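Here are the chains, one letter per residue:
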Amino acid sequence: QVELVESGGGLVQAGGSHGLSCVASGRTFRTYAMGWFRQAPGKTREFVGYISRTGGSTSYAASVKGRFTISRDDDKNTVTLQMNSLKPEDTAVYYCAADPFGGTHMSWNYWGQGTQVTVSS
């Protein structure tokens, strides 16, 4: 069992930068790919990006590629989502997720409770 707790949500101006963190419980953090997803009001949850178990590869949705960066610190059981050049359409609840294999699908094994990011124009 893995528990994930996101933090860092808030209100940001368009064009600005903001970072989110997710801390995972347990000693098995290194065995999971870590991902970020988001759900905007009235829309279904969507893939944002993920980082592999080793941290050696990342994958991003086209809508955030070049603006968002995912990194992990295995010593701190933490994964970070750095968001730059934010747009109002990035407004959503952001979720951290863990899965042994990762991928762009929605069926990840473990999910956090989510944290709200609002981008004002």
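Everything below is about the structure printed above this text.
Quick look at the structure, then. (Residues numbered from 1 in each chain as written. Predicted model: local features only at pLDDT ≥ 70, side-chain atom pairs only at ≥ 80, totals over all residues. Heavy atoms only, no water.)

Once that is clear, we can look at the overall build of the protein chain. When helices and strands are tallied, the protein chain shows zero helices and eleven strands. Scanning the protein chain from its N terminus toward the C terminus, one meets helices and strands in the order β-β-β-β-β-β-β-β-β-β-β. The C-alpha radius of gyration computed for the protein chain amounts to 13 Å, which stays within 12% of the reference 14 Å derived for 121 residues, consistent with globular compactness. For the protein chain, the proportion of its 121 residues judged to be buried stands at 45%. For the protein chain, the proportion of contacts with a sequence separation of at least 24, taken over those separated by at least 6, is 57%. Accessible surface, the protein chain: about 6,100 Å² in total, of which carbon and sulfur atoms supply 48%. (Helix = DSSP H or I, 4+ residues; strand = E, 2+ residues; numbered from the N terminus. Rg over C-alpha atoms; globule rule 2.2 N^0.38 Å. Buried < 20%, exposed > 50% of the residue type's maximum accessible area, 1.4 Å probe, protein only. Contact = heavy atoms within 4.5 Å. Areas by Shrake-Rupley, 256 points an atom, 1.4 Å probe, with all protein chains shown as cover.)

Glancing now at the environment of glutamate 6. Residue placement: glutamate 6 occurs in strand β1 (residues 4–7). Each C-alpha atom of the pair glutamate 6 and leucine 81 lies 10 Å from the other, and the pair is 75 residues apart in sequence. Discounting chain neighbours no more than four positions away, the residues touching glutamate 6 are Ser21, Cys22, Trp36, Tyr94, Tyr95, Cys96, Gly112, Gln113, Gly114 and Thr115. Engagement of the side chain of glutamate 6 in a polar contact is seen with the backbone nitrogen of cysteine 96, the distance being 2.8 Å. Of the polar contacts made by the side chain of glutamate 6, one reaches the backbone nitrogen of glycine 114; its length is 2.9 Å. (Polar contact = N/O pair within 3.5 Å; in protein donor to acceptor, adjacent residues only side chain to side chain.)

A few words on the state of the cysteines. For the structure shown, the criterion picks out one disulfide. Paired by a disulfide, cysteine 22 and cysteine 96 hold their sulfur atoms 2.1 Å apart. Of note, the bridge from cysteine 22 to cysteine 96 carries an S-S torsion of about -75° and is left-handed in sense. One end of the pair, cysteine 22, is in strand β3 (residues 18–24); the other, cysteine 96, is in strand β9 (residues 92–99), with 74 residues separating them in the sequence. Just as cysteine 22 is buried, cysteine 96 falls in that class too. (Disulfide = S-S within 2.5 Å.)

With that out of the way, let us pick up the nonpolar core. Of all hydrophobic cores here, the largest spans 35 residues; its most connected members are Leu4, Met34, Trp36, Leu81 and Tyr94. Elements with a minimum of two residues in this core: β3, β4 (33–39), β5 (46–51), β7 (68–73), β8 (78–83), β9 and β11 (115–120). Counting residues per element, this core draws most heavily on β9, which supplies five residues. Ignoring sequence-local partners within four residues, the contact set of leucine 4 consists of Cys22, Val23, Ala24, Met34, Cys96, Ala97, Ala98, Tyr110, Trp111, Gly112 and Gln113. (Core = buried A, V, L, I, M, F, W, Y, C linked by side-chain atoms within 4.5 Å.)

Another point: the sheet that holds β3. Pairing is antiparallel in the open sheet, where four strands are placed in the order β1-β3-β8-β7. The sheet is open, and its two borders are formed by β1 and β7, each paired with just one other strand. Each strand of the sheet is rotated relative to its neighbour by a mean of 15°, with strand direction disregarded. As paired elements, β3 and β8 share six bridges and run antiparallel to each other. Across the sheet, residue serine 21 finds its bridge partner in β8, namely threonine 80. (Pairing = 2+ DSSP bridges. Axes fitted to C-alpha atoms, helices over the stretch in contact; angles between N-to-C directions.)

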